[in-house]
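Inside the fold
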Amino acid sequence: MSPSETSALVLFSGGQDSTVCLAWALERHARVETVGIAYGQRHAVELDVRPRVLTRLRREWPRWAVRLGDDHMLDIATLGAIGQTAMTTDTAIEMTTAGVPNTFVPGRNLVFFTYAAALGYRRGIHTLIGGMCETDYSGYPDCRNDTLQTLAKTLSLGMARDVTIETPLMWIDKAGTWALAETLGGSGFVDLIVEDTHTCYLGDRTHRHVWGYGCGTCPACDLRSKGWERWQKGKT
Ligand code: ZN
């Protein structure tokens, strides 16, 4: 299939990574739809910023606007009820004895992609895109390339369609994600990431840093800010 005929469904949370993935998809696929998944996250800030990001993409990047299709929301709060981790309850964020941060929601990305594949099946879309990354989140086993490519194979067999999972951030770090954002949409897109995307685990939108809003100390803020610093240093 030529790029003009391809379509993709992007797991879009409103965070930095999924917003960069969305722009990456819009550069490559003729039709791009988005899906947000509510799973009982303890802060719905990310989900709140989603429509704002989509509106700005449509308004400020006409070449993306013509390709950007429907946005979908799926509510699977049951996953949060099962998970009982720091992402869905008010537990302090720390490393567990299993060697993964307690922000890990067991099986989350497997469930997300399975739901996305089911939605994509109905929409005639068989390419699924997500912002998982081995480089920064190697403690999360469901972010690994092996996990996701094996899942794509399982979904293909289970749905009797060729389901593809694309993960453009898999092998780059957070500095690389900032650089990719600039390559895709210029300084205006970097500005959108800073102003409107949300990553902070604590849902803090009151503290504004050069790299965006957040508490500045949780693991997500730490990655985002350090990535920004490395990216800035690399430019000089
Ligand atoms: Zn934070």
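As a reminder, the structure under discussion sits directly above these lines.
Report follows, based on the coordinates. Quick caveat, the model's predicted, so the values are computed rather than measured. Just so you know, the residues in each chain are numbered from 1, in the order the chain's sequence is written. Reporting in this predicted model follows two pLDDT cut-offs: at least 70 for local features of residues, and 80 or more for side-chain atom pairs to be given and counted; totals over whole chains, interfaces and linings ignore these cut-offs and use all residues. Hydrogen atoms and water are omitted, and side-chain values are computed over all heavy atoms in the structure.

Comments concerning the sheet that holds strand 4 (residues 127-129)
We apply this condition: Paired strands, in this sense, are two strands between which DSSP finds at least two bridges. We count a stretch as a helix when DSSP gives it H or I for four or more residues in a row; a strand needs E for two or more, and each element gets its number in order from the N terminus. Axis definition: a line fit to C-alpha positions, over the contact stretch in the case of helices; interaxial angles, taken between N-to-C directions, run 0 to 180 degrees. Contacts are residue-level and defined by heavy atoms, with any inter-residue pair within 4.5 Å sufficient.
Taken in spatial order, the five strands line up as 3-2-1-4-5 in an open sheet, and their pairing is parallel. Among the strands making up the open sheet, the edge pair consists of strand 3 (68-75) and strand 5 (164-166). Across this sheet, the average inter-strand angle for adjacent strands is 25°, counted without regard to direction. Relative to strand 4, strand 1 (residues 7-11) runs parallel, the two sharing two bridges. Note that in strand 4 the partner of V10 across the bridge is I129. Strands strand 1, strand 2 (31-38), strand 3, strand 4 and strand 5 of the sheet are contacted by helix 5 (residues 108-123), whose axis makes an angle of about 150° with strand 1. Taken strand by strand, helix 6 (residues 145-159) contacts strand 4 and strand 5, and its axis lies near 155° from that of strand 5.

Some points on unusual backbone geometry
Inclusion rule: Exposed residues in this analysis have more than 50% of their type's maximum accessible area, buried residues have under 20%, and partly exposed residues fall in between, with area computed by a 1.4 Å probe over protein chains only.
Residues other than glycine seldom take positive phi values, yet A160 does so here, at roughly 50°. Mapping A160 onto the fold places it in the loop between helix 6 and strand 5. We classify A160 as exposed; its relative accessible area is 62%.

A look at the packing of aromatic side chains
Test applied: Aromatic rings from Phe, Tyr and Trp, with only the six-membered ring used for Trp, were paired whenever their centres fell within 6.5 Å, and each pair was classed as stacked if the ring planes differed by under 30 degrees, edge-to-face if by over 60, and tilted otherwise. Lysine and arginine charges are scored as sitting over a ring when NZ or CZ, respectively, is within 6 Å of the ring centre and within 35 degrees of the ring normal.
Summed over all chains, the structure comprises seven aromatic pairs. Here Y39 and F112 contribute two aromatic rings whose centre-to-centre distance is 5.4 Å and whose plane-to-plane angle is 65°, an arrangement assigned as edge-to-face. With Y39 in the loop between strand 2 and helix 2 (45-60) and F112 in helix 5, this pair connects stretches of sequence that are 73 residues apart. Ring geometry for W178 against W231: centres 6.0 Å apart, planes inclined by 15°, an arrangement best described as stacked. Here W178 is found in helix 7 (residues 174-196), whereas its partner W231 is found in helix 8 (residues 219-235), with 53 residues between them in sequence. W178 sits in the buried class, given a relative accessible area of 0%. Taken together, the ring pairs in this structure connect W61, W64 and F189 into an aromatic cluster. A cation over a ring is seen here: R208 above Y213, with NZ or CZ 5.8 Å from the ring centre.

Some words on the pattern of salt bridges
Selection criterion: By definition here, a salt bridge exists when the distance from a side-chain nitrogen of Lys or Arg to a carboxyl oxygen of Asp or Glu is within 4 Å.
Throughout the structure, instances matching the rule amount to 15 salt bridges. The shortest N-O distance in the salt bridge between R31 and E33 comes to 2.7 Å. Assessed through its relative accessible area of 33%, R31 is described here as partly exposed. On the accessibility criterion, E33 (2% relative accessible area) is buried. Notably, a salt bridge pairs D173 with R230, separated by 3.3 Å at the nearest N-O pair.

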